[in-house]
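# Working through the structure, step by step
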Amino acid sequence: MFFFNHIGYMCSFFVFLQAQNDIKMEIKIKDEDLAKAAAEGMDAFLDVFVQAFLKPTDGQITAETLQNLNGDQITLLAYHVLHEELMDGGFIQLIQNGYGPFIFDNPFAKAMRLWGLKEFSKQIYKAKEIYDKDKADLTRERTDEEFMAMYEDYEVFDDLDDWFITEEEGITAQIAYYVDEHMDRFAVIEN
């Protein structure tokens, strides 16, 4: 967990906004790979970008990975992490796996609002309020039994988890649309 706490604070990374959305490290994606992924669906389309971002670090999110990415790329990577964690175990799992600082201590929610996902942004802010209020307890190490008990202790996350699962397809579609409309902020597409 220290690693992600360190990344979260080290990267007040989204010191990004539009001025820093120039490609820092040239991420190249083949047009044919993108077309194939797009035909498979929006998840596959977004995954092509995420995998390209993570390729230099063998699929690991590291300080180096984040330093080499611009704000939009990091935002997409953050959505990927959030999506995977929420679909598997909700906000409690996301936090217990050490991603709380990555999502809540950085302007991820603001970035989602700027990308046009206003309701999703509001939901992230609601989760952040809970996280900020109970951070010490939510982030402490636990046994497997204690971890499972968190789902009863923090039922306040249930509505947020359910909302995300219900709205996930639409959120992912909006993010895919944003990436498609701003492709030059995410990668260089090669023939």
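### Brief notes about the packing of aromatic side chains
Considering all chains together, one arrives at 15 aromatic pairs under this definition. Note on phenylalanine 104 and tyrosine 131: the rings are 4.8 Å apart at their centroids and 35 degrees apart in plane angle, and the pair reads as tilted. Of this pair, phenylalanine 104 sits in helix H6 (residues 100-104) while tyrosine 131 is found in helix H8 (residues 118-133), placing the two residues 27 residues apart along the sequence. In this structure, phenylalanine 104 and tyrosine 131 share a single accessibility class: buried. For the pair phenylalanine 120 and phenylalanine 164, a centre-to-centre distance of 5.9 Å together with 35 degrees between the ring planes defines the contact as tilted.

### Considering the pattern of salt bridges
On inspection of all chains with the given rule, the structure shows nine salt bridges. Among the salt bridges present, the one from aspartate 105 reaches lysine 135, with a minimum N-O distance of 3.4 Å. Here the residue aspartate 105 occupies a position in the loop between H6 and helix H7 (108-114), and lysine 135 occupies one in helix H9 (residues 135-139), the gap between them amounting to 30 residues. For lysine 135, a relative accessible area of 25% puts it in the partly exposed group. Where lysine 133 meets aspartate 134, a salt bridge forms, and the shortest distance between an N and an O atom there is 3.4 Å. Overlapping salt bridges bring together Glu26, Lys28 and Glu190 as one network.

### Quick look at empty space enclosed by the protein
Under the defined criterion, the tally for this structure stands at one cavity of 30 Å³ or more. A volume near 30 Å³ is recorded for the largest cavity. Going through the elements one at a time, helix H5 (71-96), H8 and helix H11 (158-181) are the ones with two or more residues in the lining of the largest cavity. In terms of residue class, the lining of the largest cavity is built from seven nonpolar, one polar and no charged.

### Focus: helix H3 (residues 42-54)
In a regular helix each residue adds 1.5 Å, so 13 residues correspond to 18 Å; H3 covers 19 Å between its end C-alpha atoms and thus fits that length. Considered for burial, the residues of H3 that qualify are Phe45, Leu46, Val48, Phe49, Val50, Ala52, Phe53 and Leu54. In this fold, the buried residues of H3 make contact with strand E1 (28-30), helix H2 (31-40), helix H4 (63-67), H5 and H11.

### A closer look at the packing of H8 against H11
Two quantities define a packed helix pair, namely the angle between the helix axes and the distance between the axes. Where H8 contacts H11, the axes come no closer than 11 Å and their chain directions differ by 150 degrees. With respect to H11, the element H8 is oriented roughly antiparallel. The chirality of how H8 crosses H11 is left-handed. Residues Glu119, Phe120, Gln123, Lys126, Ala127 and Ile130 of H8 lie in contact with H11, whose contacting residues are Leu160, Trp163, Phe164 and Ile171.

Cut-offs applied
- Residues numbered from 1 in each chain as written.
- Predicted model: local features only at pLDDT ≥ 70, side-chain atom pairs only at ≥ 80, totals over all residues.
- Heavy atoms only, no water.
- Phe/Tyr/Trp six-rings, centres within 6.5 Å; stacked < 30°, edge-to-face > 60°.
- Helix = DSSP H or I, 4+ residues; strand = E, 2+ residues; numbered from the N terminus.
- Buried < 20%, exposed > 50% of the residue type's maximum accessible area, 1.4 Å probe, protein only.
- Salt bridge = Lys/Arg side-chain N within 4 Å of Asp/Glu carboxyl O.
- 1 Å grid on protein atoms, 1.4 Å probe; cavity = no way out; pocket = protein on both sides within 12 Å on 5 of 7 lines; lining within 4 Å.
- Points joined across faces, edges and corners; volume = space filled by probe spheres on them.
- Nonpolar A, V, L, I, M, F, W, Y, C, P; charged D, E, K, R; others polar.
- Expected span 1.5 Å × (residues − 1).
- Contact = heavy atoms within 4.5 Å.
- Axes fitted to C-alpha atoms, helices over the stretch in contact; angles between N-to-C directions.
- Parallel < 35°, antiparallel > 145°, perpendicular 65-115°, else oblique.
- Left-handed = near helix turned anticlockwise from the far one by under 90°.

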